[in-house]
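# What the coordinates show
The lines below spell out each chain.
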Amino acid sequence: MVSRIMAASSSDPRTQQLLQYTPVTGTPEVKAAIRNKFKVENGLDYEDNEIIATAGAKEALAEVLRALVRYGQKVIVPTPAWVSYQEMTKLAGGTPVGVETDPQTFKLTPEKLRETLAANPDAKCLILNSPCNPTGAVYSREELQALANVLKDYPKVVVISDDIYEHIRYETTGKDGEKTPPAPYATMAQIPGMKQRTVTINGGSKVYAMTGLRIGYAAGPQKVIKAMDKVQGHSSGNPCVLSQAALTAALTGPQDFLKKWMAVLTENRDLVVGKLNDMGLACPTPDGAFYAYPSCKSLFGKITDKGKVLTCANDVAEYFLENKVLVVPGDDFGNTDRFRVSFAADYQTLTTGMAYIQAACLKLNDPKPGFQTDGKSDSFENEGLVKASARETCGTPQELPAKPSPKVLKGFSAPSAD
Ligand SMILES: Cc1ncc(COP(=O)(O)O)c(C=O)c1O
């Protein structure tokens, strides 16, 4: 970025162009770097007209939904899911359909996918996110193949594969302490027959910690990328020219720092997951991404020093915030009985944060006699004991709009690639 600015500050008018508009879908240099990344890391061949650089993976996701989804069309979102998929779908005029994943693995099963598609045969897209924010679940090649087998019967469904945490995957430690590296990364476009109906999203935010530079990219069928080009051309235009230069440098530069980062993240993960489990906040060990997603059911019914009864993840998150720790309640991801902790922080901060959470939990008073929950935070039966039902306080996790969003402009039809 700096060398581009320096080069552009010469008095030569040709170099001044270095800070001006670029092609909407990205400079030839960034496209070459993205093309090479897909080829070398994923074994996928894309032409330049099948690639678009965007202002973050977020913009790529929003654009692909705006390009593909017509008003009221369904978008399948396996939950728990990153908070923006459903909102982006609604902004695009579509209707998100939340589908519960397996409660043990947090992964969409072929059976559930088949059931969902049978109930929604007109679905337009399926969003997959592996590793997943917030659960850390990582799909194996075999699992993707099993989903692809179901999708064969629904050829109109486009898969949007959000691979933003591709490189944040952990080695596993066996009972004997032996470490096994993570399996090679698998993504839907690699599954035979799926590349022509998959749009793969990625970016610089997670793997290169370039969050503020707002640079991401997508690769997929030319028709879809062309529609995204139109959406981008009429909204933001090209992504920042300096951020494109930075992504080019990052993708083509040495990648060996990742090994060190992963060693640090592994220590962080083990610290956070270990402490949460020790506190009775049951927490699965994530295989990827940098979030822990523990249950807070064991705190429900407990009473804070201010006399508030904790009834859902929102209450728990608010209580932790009062105790100086910021976590994200699971409500927005699809669970009223979990919360998310990011461990992309330094070890000392995490140690302090965990100590604060522990102290906050120890300060809680036990539930009043007779307090009962059937394990679901939205169905308490203790009238009068719980001030408002969790449903009122926290909303219903799978509650999605029944009706498609209204048309914004009469007679206007969304740009579509089909
Ligand atoms: C699953 C997922 N997808 C996309 C994004 C957005 O990434 P970017 O910063 O590239 O817009 C995030 C950011 O947190 C994320 O967690």
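Description of the structure in this document.

Rules behind the numbers
Residues numbered from 1 in each chain as written. Predicted model: local features only at pLDDT ≥ 70, side-chain atom pairs only at ≥ 80, totals over all residues. Helix = DSSP H or I, 4+ residues; strand = E, 2+ residues; numbered from the N terminus. Buried ≥ 20, exposed ≤ 12 C-beta atoms within 10 Å, placed from the backbone. Contact = placed C-beta atoms within 7 Å. Near = placed C-beta within 6 Å. Nonpolar A, V, L, I, M, F, W, Y, C, P; charged D, E, K, R; others polar. Pairing = 2+ DSSP bridges. Axes fitted to C-alpha atoms, helices over the stretch in contact; angles between N-to-C directions. Core = buried A, V, L, I, M, F, W, Y, C linked by C-beta atoms within 7 Å. Domains from an automatic or database assignment. Parallel < 35°, antiparallel > 145°, perpendicular 65-115°, else oblique. Left-handed = near helix turned anticlockwise from the far one by under 90°. Right-handed = clockwise from strand over helix to strand, strands pointing away.

## Quick notes on the overall build of the protein
- Looking only at helices and strands, the protein has 13 helices and 12 strands in total.
- Within the protein, buried positions represent 47% of all 418 residues.
- Pairs at least 24 apart in sequence give 69% of the contacts found in the protein among residues at least 6 apart.

## Here we look at unusual backbone geometry
- Cis rather than trans, the peptide bond between Ser130 and Pro131 has omega equal to -10°.
- Inspection of the secondary structure assignment puts Pro131 in the loop between β4 (125-129) and α7 (141-151).
- For the bond running from Asn133 to Pro134, omega is 25°, close enough to zero to count as cis.
- Position of Pro134 among the secondary structure elements: in the loop between β4 and α7.

## Remarks on the site of the ligand
- The environment of the ligand is made up of Gly56, Ala57, Lys58, Trp82, Asn129, Asn133, Asp162, Ile164, Gly203, Ser205, Thr211 and Gly216.
- Ranked by the residues each element gives to the shell around the ligand, the list is headed by helix α4 (residues 56-68), at 3 residues.
- For the shell around the ligand, the class distribution of residues is 3 nonpolar, 7 polar and 2 charged.

## Regarding the environment of Ala92
- Tracing the sequence through the fold places Ala92 in the loop between α5 (84-91) and β3 (95-100).
- Since 27 C-beta atoms lie within 10 Å of it, Ala92 is described here as buried.
- Spatially, the C-alpha atom of Ala92 lies 9.2 Å from that of Gly72, the residues being 20 residues apart in sequence.
- Discounting chain neighbours no more than four positions away, the residues touching Ala92 are Leu65, Arg66 and Val69.

## Considering the sheet that holds strand β9 (residues 216-219)
- Spatial strand order, β1-β9-β8-β5-β4-β2-β3: 7 strands in an open sheet with mixed pairing. In the strand order of this sheet, the two ends are held by β1 (51-54) and β3, each with one partner. With direction set aside, neighbouring strand axes in the sheet form an average angle of 20°.
- For strand β8 (residues 198-203) and β9, the ladder comprises 4 bridges, and the chain directions are antiparallel. When the sheet's bridge partners are listed, Thr200 is paired in β9 with Ala219.

## Things to note about the nonpolar core
- Formed by 102 residues in total, the largest nonpolar core has its most connected members in Val64, Cys125 and Ala218.
- Looking at this core, the element that brings in the most residues is α4, giving 8 residues.
- Two domains each put at least three residues into this core: domain 1 (2-252) and domain 2 (258-387).
- When residues no more than four places from it in sequence are discounted, the contact partners of Cys125 are Leu68, Val69, Val75, Ile76, Val157, Val158 and Ile160.

## Looking at the environment of Leu144
- Locating Leu144 in the fold gives a position in helix α7.
- Along the backbone, Leu144 and Met188 are 44 residues apart, and their C-alpha atoms lie at a distance of 6.2 Å.
- Sequence-distant contacts of Leu144, that is, excluding residues within four places in its chain, are made with Tyr139, Ala186, Met188 and Ile191.

## Points about the packing of helix α6 (residues 110-119) against α7
- It is the contact of α6 with α7, at a shortest axis distance of 9 Å, that shows an interaxial angle of 25°. When the interaxial angle is binned, α6 and α7 end up roughly parallel. Of the two elements, α6 crosses α7, and the hand of that crossing is right-handed. In contact with Pro110, Leu113, Arg114 and Leu117 of α6, α7 contributes Ala146, Leu147, Asn149 and Val150.
- Along the lines of polarity and charge, the residues of the contact of α6 with α7 split into 6 nonpolar, 1 polar and 1 charged.

## Some points on the pairing of strand β12 (residues 339-342)
- Examined bridge by bridge, strand β10 (residues 291-292) and β12 share 2 bridges and lie antiparallel to one another. For Tyr291, the partnering residue across the bridge sits in β12 and is Ser342.
- Across 2 bridges, strand β11 (residues 328-329) lies against β12 in antiparallel orientation. Of the residues in β12, the one forming a bridge with Val328 is Arg340.

## Details of the pairing of β4
- Counting buried positions along β4 yields 5 of 5 residues, so the element is predominantly enclosed.
- Every second residue of β4 is oriented toward a common face, with Cys125, Ile127 and Asn129 on one face and Leu126 and Leu128 on the other, all of them buried.
- Of the strand pairs in this sheet, strand β2 (residues 74-79) and β4 are connected by 2 bridges, and their pairing is parallel. Its bridge partner being in β4, Val75 is matched across the sheet by Cys125.
- The handedness of the β4 to strand β5 (residues 158-162) crossover, carried by α7, is right-handed.

These values are about where atoms sit, not about what they do.
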